[in-house]
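Fold and geometry: a report
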Amino acid sequence: MSAKIRQARFHVEMHDAMERINDATHFDKRLYAEDIEASQAHCRMLVARNIISRQDGESIIKGLTQIREEIDKGDFTFDSKLEDVHMNIEHRLHELIGDAAGRLHTARSRNDQVATDFRLYIRRGIETIEMQLKELQNALVDAGEQHAATIMPGFTHLQPAQPVTFGHHLLAYVEMFERDRIRFANARENLNESPLGACALAGTSFPIDPEQTAADLGFRKPCGNSIDAVSDRDFALESLAAASISAMHLSRLAEEIVLWSSALVGFVRLSDAYSTGSSIMPQKRNPDAAELVRAKAGRIAGDFVSLLMVMKALPLSYSKDMQEDKEPLFDALESLGLGIAAMRGMVGDMTPDPEAMRAASAAGFSTATDLADWLVREHALPFREAHRIVGELVGIAEARGTGLEELSLQEFQKVDARIDESALKILSVEDSVASRTSPGGTSPGNVAAAIARWRKHLRA
Ligand code: ARG
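Residues numbered from 1 in each chain as written. Predicted model: local features only at pLDDT ≥ 70, side-chain atom pairs only at ≥ 80, totals over all residues. Heavy atoms only, no water.

**Some words on the packing of helix α7 (residues 110–146) against helix α13 (residues 326–349)**
What counts, and what does not: Angles here are taken between N-to-C directions and fall from 0 to 180 degrees, while the axes themselves are lines fitted to C-alpha atoms, restricted in helices to the stretch in contact. To qualify as a helix, a DSSP run of H or I must reach at least 4 residues; to qualify as a strand, a run of E must reach at least 2; elements of each kind are numbered from the N terminus. Any angle from 65 to 115 degrees is called roughly perpendicular, while one under 35 is roughly parallel, one over 145 is roughly antiparallel, and all others are oblique. Left-handed describes a crossing in which the near helix is turned anticlockwise from the far one by less than a right angle; the clockwise case is right-handed.
At a closest axis distance of 9 Å, the pairing of α7 and α13 adopts a crossing angle of 15 degrees. In this view, α7 runs roughly parallel relative to α13, as classed from their interaxial angle. For the pair α7 and α13, the crossing hand works out as left-handed.

This is the structure:
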């Protein structure tokens, strides 16, 4: 077909390097289902507007359906000499139905065609990601429910800060993945306009009905400007940005799983199904899946930047640079989908060790703030003053190599006489987390309520 396009105009064959750099077939063949779907919608519109005959329309639709079946079954040979998926399909259509095939491209260009295919592909792709994210959220809610009251150290700067509940920590990710889903839904909403009818860039003189093709393909409406319709790939960038952010969230959870499952920490044990061994060290259990999820974040952000750099400074409207829009997007959706699936599996399979978490949660004077809060609450001290007093006590305990709760009442009272027995009771990590009942706080009761809210929301 490209030979055919060239025939009338060019007199020398394409150079081999030209052919190779021009070829998109090896990657854009992934768009075949969307390409056929959009071509059939375009064809129905051409018939409805009497631009082509009903008879030609019928044989085009039938031929395209057959091509889809051939490709589905693996019975189709893509030819890189034909440049891209669009020309491959058109070429095959010509073999199947003859000259009527040549009428399909009336009032259309590959520019509005590829923009349409790509939007359809991304729409589908992000719908799958949204579903997967929801499944991951459900897995986190399940684990969070089991561990609503399991106490673990909460960190800032990766230093023990205050005890928290493991359920609360897991639900933090549920919030993040919720916003990721919203970002994808917004990207979906923004991309859901149909470029068909823009043709090469200027529209067409044929009496087309872009509303019909838009509705037929499930788009909200046709794009409002033919130049914009074929020029922009912001919809792909938005999806890549959403994917990058979501991958970053996954990567943070992956990093925590790597830490938690390290023998040095021992908060969780990953199942055999998500661990690998070492080729030399027989004792090893490596969290490879978590590490790979962590790495995917870099790769996906690279995909985003890659397309952003392709698009920057391109003059309107279409330039062939834009053929390079597809691989980053394919790679990002595939990598993210895999990352979410692996993460969901790890979260569902991992076995937390509540004893180890509980023991670690008391380290590092993690309830010091509770004592300062007690002084403020019971004796109306300014918080800064309470902070100073408890700091002094921590210094004494630290010098002795003990926890705060191991100091005697006399030692407490030597620093501040107002401290009494009741103050010492609040130093346990259980009391600490139970007291964190402020909205969004870590208390087991709050976690249980949040779980119930998430269950309801995720069922809807
Ligand atoms: N394979 C091309 C792409 O992906 C299709 C559009 C070609 N348009 C053109 N004017 N050469 O961008």
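Continuing now.
**Concerning the pattern of salt bridges**
Let me state the cut-off plainly: Criterion for a salt bridge: a side-chain nitrogen of Lys or Arg within 4 Å of a carboxyl oxygen of Asp or Glu. Residue burial is assigned from relative accessible area. The probe radius is 1.4 Å, only protein chains are included, and a residue is buried under 20% of its type maximum, exposed over 50%, and partly exposed in between.
Throughout the structure, instances matching the rule amount to 33 salt bridges. With a shortest N-O distance of 3.3 Å, R20 and D16 are connected by a salt bridge. Residue R20 and its partner D16 are located together in helix α2 (residues 16–22), separated by four residues, close to a single helical turn. Its salt-bridge partner being R181, residue E178 comes within 2.9 Å of it at the nearest N-O pair. Taken together, the residues E178 and R181, both in helix α8 (residues 166–191) and three residues apart, mark about one turn of the helix. Since its relative accessible area comes to 14%, R181 is described here as buried. Each member of the salt-bridge network shares a partner with another, and the members are E83, D84, R110 and K320.

**Let's talk about empty space enclosed by the protein**
Definition in use: Only protein atoms enter the 1 Å grid, on which a cavity is a set of points fitting a 1.4 Å probe that cannot get out and a pocket is an open set with protein on both sides within 12 Å along at least 5 of 7 lines, lining residues being those with an atom within 4 Å of a point. Grid points are joined across faces, edges and corners, and a volume is the space filled by probe spheres set on the points. Three classes are used: nonpolar for Ala, Val, Leu, Ile, Met, Phe, Trp, Tyr, Cys and Pro, charged for Asp, Glu, Lys and Arg, and polar for all others, with Gly counted as polar.
Following the criterion strictly, the structure yields two cavities of 30 Å³ or more and no others. The volume enclosed by the largest cavity comes to roughly 50 Å³. Residue lining of the largest cavity: D35, S39, L64, H86, I89, E90, L93, L104, R108 and Q113, and that is the complete set. Listed by contribution, the elements that provide at least two residues to the lining of the largest cavity are α4 (32–48) and α6 (85–97). Considering every element that reaches the lining of the largest cavity, the biggest residue donor is α6, with four residues. When its residues are assigned to classes, the lining of the largest cavity shows four nonpolar, three polar and three charged. Approximately 40 Å³ is the volume attributed to the second largest cavity. For the lining of the second largest cavity, the secondary-structure elements that each account for two or more residues are α4 and α9 (210–216).

**Structural notes on the site of the ligand**
Applicable threshold: One heavy atom within 4 Å of a molecule or strand is enough for the residue carrying it to be called near that molecule or strand. Distance and chemistry together define a polar contact, namely a pair of N or O atoms within 3.5 Å, with one atom able to donate a hydrogen and the other to accept it when in protein, and with adjacent residues in sequence counting only for side-chain atoms on both sides. Here, Shrake-Rupley sampling with a 1.4 Å probe gives the accessible areas, and only protein chains in the shown set may cover a residue.
By nearness alone, every residue bordering the ligand is listed as D84, H86, R110, N111, V114, Y318, Q323 and K326. In the environment of the ligand, a nitrogen atom lies 2.8 Å from a nitrogen or oxygen atom belonging to the side chain of D84. Between the ligand and the protein, one listed contact pairs an oxygen atom with a side-chain N or O atom of K326 at 2.5 Å. When the free accessible area of the ligand is taken as 340 Å², the share hidden by the protein chains comes to 86%. Take the shell around the ligand: its biggest share by element is three residues, from α7. When grouped by side-chain class, the residues that make up the shell around the ligand number two nonpolar, three polar and three charged.

**Digging into the nonpolar core**
Generally speaking, nonpolar side chains in soluble globular proteins are found buried as a group. Applied cut-off: For this analysis, a nonpolar core means a set of buried residues of the types Ala, Val, Leu, Ile, Met, Phe, Trp, Tyr and Cys, connected via side-chain atoms within 4.5 Å.
Counting 89 residues, the largest nonpolar core has L140, L336 and M343 as its most contacted members. The biggest single contributor to this core is helix α11 (residues 234–261), with 13 residues. Listed in part, the 21 residues of the second largest apolar core include A368, L381, A386 and V394.

**A word on the layout of surface pockets**
Computed from the structure, the largest pocket encloses a volume of approximately 570 Å³. Around the largest pocket, the lining is made up of 20 residues, and of these F155, L158, H169, E256 and W260 lie nearest the centre. Elements with a contribution of two residues or more to the lining of the largest pocket: β1 (151–156), β2 (159–165), α8 and α11. Class assignment of the residues belonging to the lining of the largest pocket gives a composition of 14 nonpolar, three polar and three charged. Computed from the structure, the second largest pocket encloses a volume of approximately 260 Å³. Around the second largest pocket, the lining is made up of 14 residues, and of these S261, S262, A263, V268 and R285 lie nearest the centre. Of the residues that constitute the lining of the second largest pocket, the class distribution is five nonpolar, five polar and four charged.

By themselves, these observations are geometric and do not establish any function.
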